[in-house]
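Per-entry structural report
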Amino acid sequence: MSHSPQREQLLEQLLTRAEQVLARFEASLPPLTPAPDWQAAVAFRWRKTQGRGWLQPVRQPHPIRLADLDTIDDQKARIVANTRQFVAGQPANNVLLTGARGCGKSSLVKAVLNEYAADGLRLIEVDKADLVDLADIVDLLDGRPERFVIFCDDLSFEAGETAYKALKSVLDGSVAAPPANVLIYATSNRRHLMPEYFSENLETTRVDDEIHPGEATEEKISLSERFGLWISFYPFSQDDYLAVVGRWARHFGIADAVIAAHERDALNWALSRGSRSGRVAWQYARDLAGRSASKLNGQLPGAGL
């Protein structure tokens, strides 16, 4: 039975229309996420696009080494011992690094990666907003020969947030045992990762209509207790701060005589920042190196260096 030209034209229009609709539908779908390229890097970031996550290789990890970190020898020894056990396939703990800002918490984790990457250590950085994906991330790592540290930097939770429950589950609260090749290292300025209030110390006081406010407090503390190793950091003394300034200044090629002549300037820099820390020392050393280079190049005559 032959088709009339009108019917054939209508059929072609319908097919064209269907193809256009299908193309729009496919364009609205989340893109396929690439499989992890484990040979591309030793550090990865968890990224998400339209609800789908994947591991993005970090092509140039921070080069800081353990030898670069001064005045935190005890903290360094504890995390190194734990990480050495981990890469050797021995029992090791999840680690919570807490305390003063800028005193080396994050740098210590990065330095540990550089120290043990050749032994199979890998690092995966996960933002707080993506903690709900922790179970999916762990599934990707299960069975791999490498040893993975999931790194959560500057971690804290405000009242009312529930993302911490995903972290609790992975740490020690799921029906599935965590893989032996995965640990979590987290840094925070809060020891218990959540805000604490004076009212929570009063068991008999009504707090936000909570019948048993003490139990609510225990719920908050239970998260930090799931980290087997707590490492605390403290503000630098003046001598420690100046020692770190000197180390980084020498790293930038500044002569000892110039460093000594600028101790008061370094202290004023810290005073203006309201903190004596490794981060502030690094920032001052960079500034001093920049001013020194500019003076040598004749750009800042009389700069006072």
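Here the structure is shown first, and the text comes after it.
Quick caveat, the model's predicted, so the values are computed rather than measured. Along each chain, numbering runs from 1 in the same order as the chain's sequence is written. Since the coordinates come from a predicted model, pLDDT governs what is reported: local features require at least 70, and pairs of side-chain atoms require 80 or more to be given and counted, while whole-chain, interface and lining totals use all residues. Heavy atoms throughout the structure, all of them, feed into the side-chain values; hydrogens and water do not.

**A look at the overall build of the protein chain**
- Secondary structure elements follow DSSP: runs of H or I no shorter than four residues count as helices, runs of E no shorter than two count as strands, and numbering proceeds from the N terminus. A count of helical and extended segments in the protein chain gives ten helices and seven strands.
- Under the scheme applied here, a residue whose accessible area is under 20% of the maximum for its type counts as buried, over 50% as exposed, and between as partly exposed, the area being computed with a 1.4 Å probe on protein chains only. Scored against the burial criterion, the 305 residues of the protein chain give a buried share of 40%.
- Here, residues are in contact when the closest pair of their heavy atoms is within 4.5 Å. Once local pairs closer than 6 in sequence are excluded, the contacts in the protein chain between residues at least 24 apart make up 73%.
- Values of accessible area rely on a 1.4 Å probe in the Shrake-Rupley scheme; residue burial ignores everything except the protein chains shown. About 17,600 Å² of surface is accessible on the protein chain, with carbon and sulfur atoms providing 50% of the total.

**Structural notes on helix 7 (residues 238-251)**
- With 14 residues, helix 7 should reach 20 Å at 1.5 Å per residue; the first-to-last C-alpha distance of 20 Å fits that figure.
- Here helix 7 has its buried residues at Tyr241, Leu242, Val244, Val245, Gly246, Trp248 and Ala249.
- Positive backbone phi, approximately 85°, marks Gly253, located one or two places after helix 7. Expected span, for any helix, means 1.5 Å times one less than how many residues it has.

**Focus on the sheet that holds strand 6 (residues 182-188)**
- Taken in spatial order, the seven strands make up an open sheet running 2-1-4-5-6-3-7, and their pairing is mixed. Edge positions in the sheet fall to strand 2 (52-57) and strand 7 (229-233), since each of these pairs with one other strand and no more. Pairs of neighbouring strands in the sheet enclose a mean axial angle of 25°, with direction left out of account.
- Pairing between strand 3 (residues 95-99) and strand 7: five bridges, direction parallel. Within the sheet, the bridge partner assigned to Leu96 lies in strand 7 and is Trp230.
- Angles here are taken between N-to-C directions and fall from 0 to 180 degrees, while the axes themselves are lines fitted to C-alpha atoms, restricted in helices to the stretch in contact. Taken strand by strand, helix 3 (residues 105-116) contacts strand 1 (43-49), strand 3, strand 4 (121-125), strand 5 (147-152), strand 6 and strand 7, and its axis lies near 145° from that of strand 4.
- Running at roughly 160° to strand 5, helix 4 (residues 134-141) makes contact with strand 1, strand 2, strand 4, strand 5 and strand 6 of the sheet. By the convention used here, strands pair only if DSSP detects at least 2 bridges between them.

**Some thoughts on the packing of helix 7 against helix 9 (residues 263-273)**
- Put simply, helix 7 and helix 9 touch, their axes get as near as 11 Å, and they point 110° apart. The orientation of helix 7 relative to helix 9 falls into the category roughly perpendicular. Helix-helix and strand crossings are classified by hand; for helix 7 and helix 9 the assignment is right-handed. Contact residues: Gln238, Tyr241, Leu242 and Val245 in helix 7; Glu263, Ala266, Leu267, Trp269 and Ala270 in helix 9. Roughly parallel means an angle under 35 degrees; roughly antiparallel means over 145; roughly perpendicular covers 65 to 115; every other angle is labelled oblique. Crossings are assigned a handedness: left-handed for a near helix turned anticlockwise from the far helix by less than a right angle, right-handed for a clockwise turn.

**Details of the packing of aromatic side chains**
- Note on aromatic contacts: the rings of Phe and Tyr and the six-membered ring of Trp form a pair at centre separations within 6.5 Å, being stacked when their planes are under 30 degrees apart, edge-to-face when over 60 apart, and tilted otherwise. Applying the stated criterion across every chain yields a total of five aromatic pairs.
- For the pair Trp38 and Phe44, a centre-to-centre distance of 5.5 Å together with 70° between the ring planes defines the contact as edge-to-face.
- Since its relative accessible area comes to 12%, Trp38 is described here as buried.
- Taken together, a centroid distance of 5.4 Å and an interplanar angle of 45° make the contact between Phe252 and Trp282 tilted.

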